[in-house]
Amino acid sequence: MHKLITHLRIGEKIGIGFGIVGLLFLGVIWQYQNTLSRTLNDYRQLQEIQAAAKDRVLTIKSELLQARLAEKKFRLHRDVQQAQILREHVSAARRESDSLAAINAESARLAAEFNAYLQSYLQHFEAVETAWSRKGLDEDSGLQGSFRDAVHDLEAMAQNLN
């Protein structure tokens with residue numbers, strides 16, 4: 001190699017030097033383009049997948065907060081309309097969860113967990129609603145209403161036996 005270099009003229013040595021520098025420069029440009037391309041793909045994935053998943057999860061969270069508010073109003077006022085509002089919010093959360101599942105495999109796994117929790121929440125709420133309906137949502141319905149009617153009948157009998 002040393003003999004080859006010593007037999008070359010100065011112009012040839014300069015030409016080979018520029019050639020090597022040019023190849024190194026092309027290598028650097030190729031590496032830069034590769035890195036830029038990967039960065040853009042990662043950013044696109046972040047925007048399309050991660051941001052979309054985050055939006056869906058935040059919407060699910062919002063629907064669950066609305067459902068909890070309706071649940072609290074139901075427990076406080078025993079308003080059947082609040083139970084229906086709760087069901088609508090849980091249904092909306094399920095729709096968002098199904099939309100989340102369509103994004104990618106990880107989102108599908110998360111959506112399946114959300115749907116299981118939503119189903120469990122709705123079942124437990126319906127058990128509470130059924131218990132309150134049986135007891136009576138106001139003083140005239142359910143067991144409270146029956147008890148009240150029985151007490152009024154006893155009062156009427158007591159007045160008749162005066």
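Residue positions are counted from 1 within each chain, in the order its sequence is given. Two thresholds apply to this predicted model, a pLDDT of at least 70 for residue-level local features and 80 or more for giving and counting side-chain atom pairs, whereas whole-chain, interface and lining totals are computed over all residues. Values shown for side chains rest on all heavy atoms present in the structure; no hydrogens or waters enter the calculation.

**A few points about the packing of helix H4 (residues 105-135) against helix H5 (residues 142-160)**
Then step 1. Axis definition: a line fitted to C-alpha atoms, over the contacting stretch in the case of helices. Angles run 0 to 180 degrees between N-to-C directions. In DSSP terms, a helix is any run of H or I states spanning at least four residues, a strand is any run of E spanning at least two, and both are numbered starting from the N terminus. Running from amino to carboxyl end, H4 crosses H5 at an angle of 10 degrees, the nearest separation of the two axes being 3 Å. Compared by their axis directions, H4 and H5 come out roughly parallel. Residues Ser133, Arg134 and Lys135 of H4 lie in contact with H5, whose contacting residues are Gly142, Leu143 and Gln144.
Then step 2. All residues other than Ala, Val, Leu, Ile, Met, Phe, Trp, Tyr, Cys, Pro, Asp, Glu, Lys and Arg, Gly among them, are scored as polar; the first ten of these are nonpolar and the last four charged. By residue class, the composition of the contact of H4 with H5 is 1 nonpolar, 3 polar and 2 charged. The scheme is simple: roughly parallel for angles under 35 degrees, roughly antiparallel for over 145, roughly perpendicular for 65 to 115, oblique for anything else. Residue contacts follow a heavy-atom distance rule, with two residues in contact if any of their heavy atoms lie within 4.5 Å.

**Points about the nonpolar core**
Then step 1. Buried Ala, Val, Leu, Ile, Met, Phe, Trp, Tyr and Cys residues that are joined via side-chain atoms within 4.5 Å together make up what is termed a nonpolar core. For every residue, the accessible area (1.4 Å probe, protein chains only) is compared with the maximum for its type, and the residue is labelled buried under 20%, exposed over 50%, or partly exposed between those bounds. If you look at the biggest cluster of nonpolar residues, it comprises 14 residues, and the most contacted ones within it are Leu86, Val90, Leu100 and Phe125.
Then step 2. Every element with two or more residues in this core is listed here: helix H2 (10-77), helix H3 (80-101) and H4.
Then step 3. Look past the residues within four positions of Leu100 in its chain and what remains in contact with it is Ala53, Arg56, Val57, Ile60, Ser107, Ala108, Leu110, Ala111 and Phe114.

**What to know about H2**
Then step 1. Relative to the 100 Å expected for 68 residues at 1.5 Å per residue, H2 spans 98 Å between its end C-alpha atoms, a close match to the ideal helical length.
Then step 2. The seven residues ending at a residue and the seven starting there each receive a fitted axis; the angle between those axes is the bend at that residue. Along H2, the helix axis deviates most sharply at Leu46, where the bend reaches about 30 degrees.
Then step 3. Where H2 is concerned, the buried positions are Ala52, Ala53, Ile60, Glu63, Ala67, Ala70, Glu71 and Phe74.
Then step 4. Positive phi shows up at Arg78, right after H2, with a value of about 55 degrees. Expected span of a helix, by definition, is 1.5 Å for each gap between consecutive residues, and there is one gap fewer than residues.

**What to know about unusual backbone geometry**
Then step 1. Even without glycine at this site, Arg78 takes up a positive phi of about 55 degrees.
Then step 2. When you line up the elements, Arg78 lands in the loop between H2 and H3.

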